[in-house]
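Close look at the chain arrangement
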Amino acid sequence: MDSETLLTIYAAVWLGVLGAVLGSFLDCAAARYAAGGGWLPRGRSRCDACGHILGAADLIPVVSWLLRRGRCRYCGAKIPADCLWAELAGAALFAGLTVRFGLTAELAMWLLLGAALLALALVDGRTHEIPNGILLFAAAVRLAFLPLMDVPVLEQLAGMAVGALSVSAPLLVLSLVMDKALGRESLGGGDLKLLFVLGLYMRWPEMLLLLLLGCLLALVWALLPGRDRRREIAFGPFLAAAWALTVLFGDGLIQWYQSLFVF
């Protein structure tokens, strides 16, 4: 194993830790946003049940939740598993992106987008709302990294236009037709805007794969036993999960699919 590979693995471990910390922060921030507050905390972290100030040992990502078996050590109240899943998702995403892209400028771009999508998924899952601020941030990150990529800027802009419109434009037309036929909204405007922004980062075959994976994940979730069928499903978290799968494994899946038609 060469030194570059070892360095990448080392970086993936520590960026995974950073991702877990970020996941914990974003879960708390999303809960505050959903409750009508701001993104930033006011004062020190406290237990929602008893109000006791949490110490450093209570705030270690993943470890604290597992050691306390998902309960507050002061009052025994159950701590929602949402925080654990957010921390694990952040850790897996940051570590996976580091292995996928290595220590490059492109990695920084994908990490920023990953953080934005994690925040978006946590907010949309709670409120069924995709904040425009997160979408604007993601679009701004892509534009800021234009001069740092190896591909010429004009070529990047052309690819971004194709990627952004490849899925969002046909779905917009389809949703307008369905809205008129059903007399109600068939696809949220936030989801369409999210697909447009994701297309700034991805080629059109990847966008098609992302949409397919997002629909499959949402379908599996809808069919899980014990779910309230009357409750509307937020699509943003499934698109964010599909994005992660596409970025990390999409090239192999697309190549495999294309090989089926090569004789």
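First, a word on what this report is: a plain description of the structure on this page. Remember, predicted model here, so these are calculated numbers, not experimental data.

**Looking at the nonpolar core**
With 59 residues, the main nonpolar core has Leu97, Trp110, Leu194, Leu195, Tyr201, Leu210 and Trp243 as its most contacted residues. Listing elements by their share of this core, those giving two or more residues are helix H1 (3-34), helix H3 (82-101), helix H4 (105-127), helix H5 (132-144), helix H6 (153-182), helix H7 (189-199), helix H8 (204-223) and helix H9 (236-259). The greatest single-element share of this core, amounting to 14 residues, is contributed by H4. With sequence-adjacent residues up to four places away left out, leucine 97 is seen in contact with Gly102, Leu107, Trp110, Leu111, Trp243, Val247 and Leu248.

**A short note on the environment of alanine 241**
Mapped onto the elements of the fold, alanine 241 is located in helix H9. Residues alanine 241 and alanine 89 lie 152 residues apart in sequence; the distance between their C-alpha atoms is 9.4 Å.

**As for the pattern of salt bridges**
Following the criterion strictly, the structure yields 5 salt bridges and no others. One salt bridge in this structure joins glutamate 206 and arginine 203, with 3.3 Å as the shortest N-O distance. According to the relative accessible area criterion, glutamate 206 is buried, its value standing at 12%. By sharing partners, the salt bridges in this structure join Arg100, Arg203, Glu206 and Asp251 into a single network.

Thresholds, definitions, all that
- Residues numbered from 1 in each chain as written.
- Predicted model: local features only at pLDDT ≥ 70, side-chain atom pairs only at ≥ 80, totals over all residues.
- Heavy atoms only, no water.
- Core = buried A, V, L, I, M, F, W, Y, C linked by side-chain atoms within 4.5 Å.
- Buried < 20%, exposed > 50% of the residue type's maximum accessible area, 1.4 Å probe, protein only.
- Helix = DSSP H or I, 4+ residues; strand = E, 2+ residues; numbered from the N terminus.
- Contact = heavy atoms within 4.5 Å.
- Salt bridge = Lys/Arg side-chain N within 4 Å of Asp/Glu carboxyl O.

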